[in-house]
Amino acid sequence: MGKSRVLIIGATGNLGHEIAKASLQSSHPTFVLVRDSAFSHPHKRHILQTLSDAGATLLKGSIEDESSLVEAMKQVDVVICAVSSEQALDQKPVIKAIKLAGCIKKFIPSEFGLDPEKTQISHLDHGFYSRKAEIRQLIEAEGIPFTYISCNFFMNYLLPSLVQPGSKIPPMDKVTIFGSGNVKGVFVKQSDVAAFTISTVDDPRTLNKVVYLRPPGNVYSMNELVELWESKIGKKLDKVYVTEEQLLKKIKGIN
C-alpha cells in the first residue's frame, strides 16, 4: 500500500509551507490548495513555485468555494489545514466539504498550539481557544476521522526575545520573568512540528487522538532559559519578577 495522498490548505503560510515540504520529503503525493490571488503576491508565488518544482500538485480553489474544495478532496486521502488561528472558524466549510467528498480518511485541523480543551487563560484570549474547541466539537459531531496536533509554543515567536513582550531581541541588562519562573514550557521549531505532523498521516496509533509534542530537550522554565542566556553572554541579568495578579491587571488594562 502506497503512502497517503495529502492535501494542504494554507501552504503559503509559515507552518503550512513547512508541512508541505515535510510531506514532499516523506514522499507523500502532495497537493496544495491555491487561491488565484496567491499568484499575484511575489512571496507566495515564490513559495508555490518551489513547492511545484519539488513535486507538489497545485490545485486552484479556496475554502470559500465549496465545489473546488470537494473536487480537490476527491483526489486525496488526508487533509491538513494550516490556516492562521484567527481563521479557525473558517474551517467549517472544509469540514462540510470533507463530508461531501466522502473519501477522507483523516483530517488534521489547524490547531498547532496548546490544547484548547485544557488551556485556561482567564477569558482574556478573545475566543482564541474556544474557536479551536468549537472546530473540534464539529469534527467529532460529524464523525470525521481526525488527528489533533498539540505542539505548545513556537520557539521562533518567543525565544528570540527571551519571552520579553514587545521586544525582538534578547535582553542584555534586565529581564522580566512572569510568576516564579519555575513553570516549564515546551518550545518547538515549526519545521519539527511539520515533520511530526506528517509522521502521523499514516500512523494508525494517532487516529482520533491528540498528539502532544513534548521533546524532553525542548522543555524549559523561564529561569532555566535566563540561566542559559546568562551563560552565553557571560553576565548576570537584573531580574524583575511579575506576579500573576500584576500580569492579569496589566492585560486587562490593555484590553
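One can find the structure itself at the top, above this paragraph.
Here the structure is a predicted model, which means the values were calculated and not measured. In this convention, every chain numbers its residues from 1, walking through the sequence in written order. Totals for whole chains, interfaces and linings use every residue, but because this is a predicted model, local features are given only for residues with pLDDT of at least 70 and side-chain atom pairs only at 80 or more, for both listing and counting. Only hydrogens and water are set aside; all other atoms, that is, all heavy atoms of the structure, feed into the side-chain values.

Caption draft 1: How the structure looks around the sheet that holds strand E1 (residues 6-9). Taking strand neighbours across the sheet as the criterion, the five strands line up as E3-E2-E1-E4-E5 in an open arrangement whose pairing is parallel. Looking along the sheet, the strands with just one partner apiece sit at the ends: strand E3 (57-60) and strand E5 (106-108). Across the sheet, the mean angle from the axis of one strand to that of its neighbour is 20°, orientation sign disregarded. Whether two strands pair comes down to DSSP finding at least two bridges between them. Think of it this way: any DSSP run of H or I at least four residues long counts as a helix, any run of E at least two long counts as a strand, and we number them from the N terminus. Inspection of the sheet shows strand E2 (residues 30-34) paired to E3 by four bridges, in the parallel sense. When the sheet's bridge partners are listed, Leu33 is paired in E3 with Leu59. Between N-to-C directions, angles cover 0 to 180 degrees, with each direction set by a line fitted to C-alpha atoms, over the stretch in contact for helices.

Caption draft 2: Summary view of the nonpolar core. In this text, buried Ala, Val, Leu, Ile, Met, Phe, Trp, Tyr and Cys residues form a nonpolar core when linked through side-chain atoms within 4.5 Å. Any residue under 20% of the maximum accessible area for its type is buried, any over 50% is exposed, and the rest in between are partly exposed; the area is computed with a 1.4 Å probe on protein chains only. Core analysis: the biggest nonpolar cluster contains 31 residues, and Ile19, Leu51, Ile80, Phe112 and Val193 have the highest contact counts within it. Of all elements in the fold, only E1, helix H1 (14-25), E2, helix H2 (42-53), strand E4 (78-81), strand E9 (184-188) and helix H7 (190-199) reach the threshold of two or more residues within this core. The dominant element in this core, judged by the number of residues it contributes, is H1, at five residues. Discounting chain neighbours no more than four positions away, the residues touching Leu51 are Ala11, His17, Ala20, Lys21, Leu24, Val32 and Ala56. Val76, Ile98, Ile135 and Ile139 belong to the second largest nonpolar core, which has 26 residues in total. Throughout, a contact is declared for two residues whenever any of their heavy atoms are within 4.5 Å.

Caption draft 3: Spatial organisation of the pattern of salt bridges. By convention in these notes, a salt bridge is any Lys or Arg side-chain nitrogen within 4 Å of a carboxyl oxygen on Asp or Glu. Going through the model one piece at a time under the given rule, you end up with 13 salt bridges. A salt bridge links Arg136 to Glu111; its shortest N-O distance comes to 2.5 Å. Remark: Glu111 occurs in the loop between E5 and helix H5 (128-141) and Arg136 occurs in helix H5; sequence separation between them is 25 residues. Each member of the pair Arg136 and Glu111 is classed as buried. Residue Arg205 is joined to Asp203 by a salt bridge in which the shortest nitrogen-to-oxygen separation is 2.7 Å. We classify Arg205 as exposed; its relative accessible area is 67%. Looking at Asp203, the relative accessible area reads 16%, which means it is buried. Salt bridges here are not isolated pairs; linked through shared partners, they connect Glu230, Lys236 and Lys239.

Caption draft 4: Geometry of the environment of Ala101. Mapped onto the elements of the fold, Ala101 is located in helix H4 (residues 92-101). Distance from Ala101 to Val70, taken between C-alpha atoms, is 5.4 Å for residues 31 residues apart in sequence. Among residues more than four places away in sequence, those in contact with Ala101 are Val70, Met73 and Lys74.

Caption draft 5: A look at the pairing of E9. The element E9 is largely enclosed, with a buried count of four among its five residues. Where strand E7 (residues 153-154) and E9 come together, two bridges link them in parallel fashion. The residue bridging Phe154 from the neighbouring strand is Val188, located in E9. Two elements, E9 and strand E11 (residues 219-221), share three bridges in a ladder whose sense is antiparallel.

Purely geometric numbers; function is a separate question.
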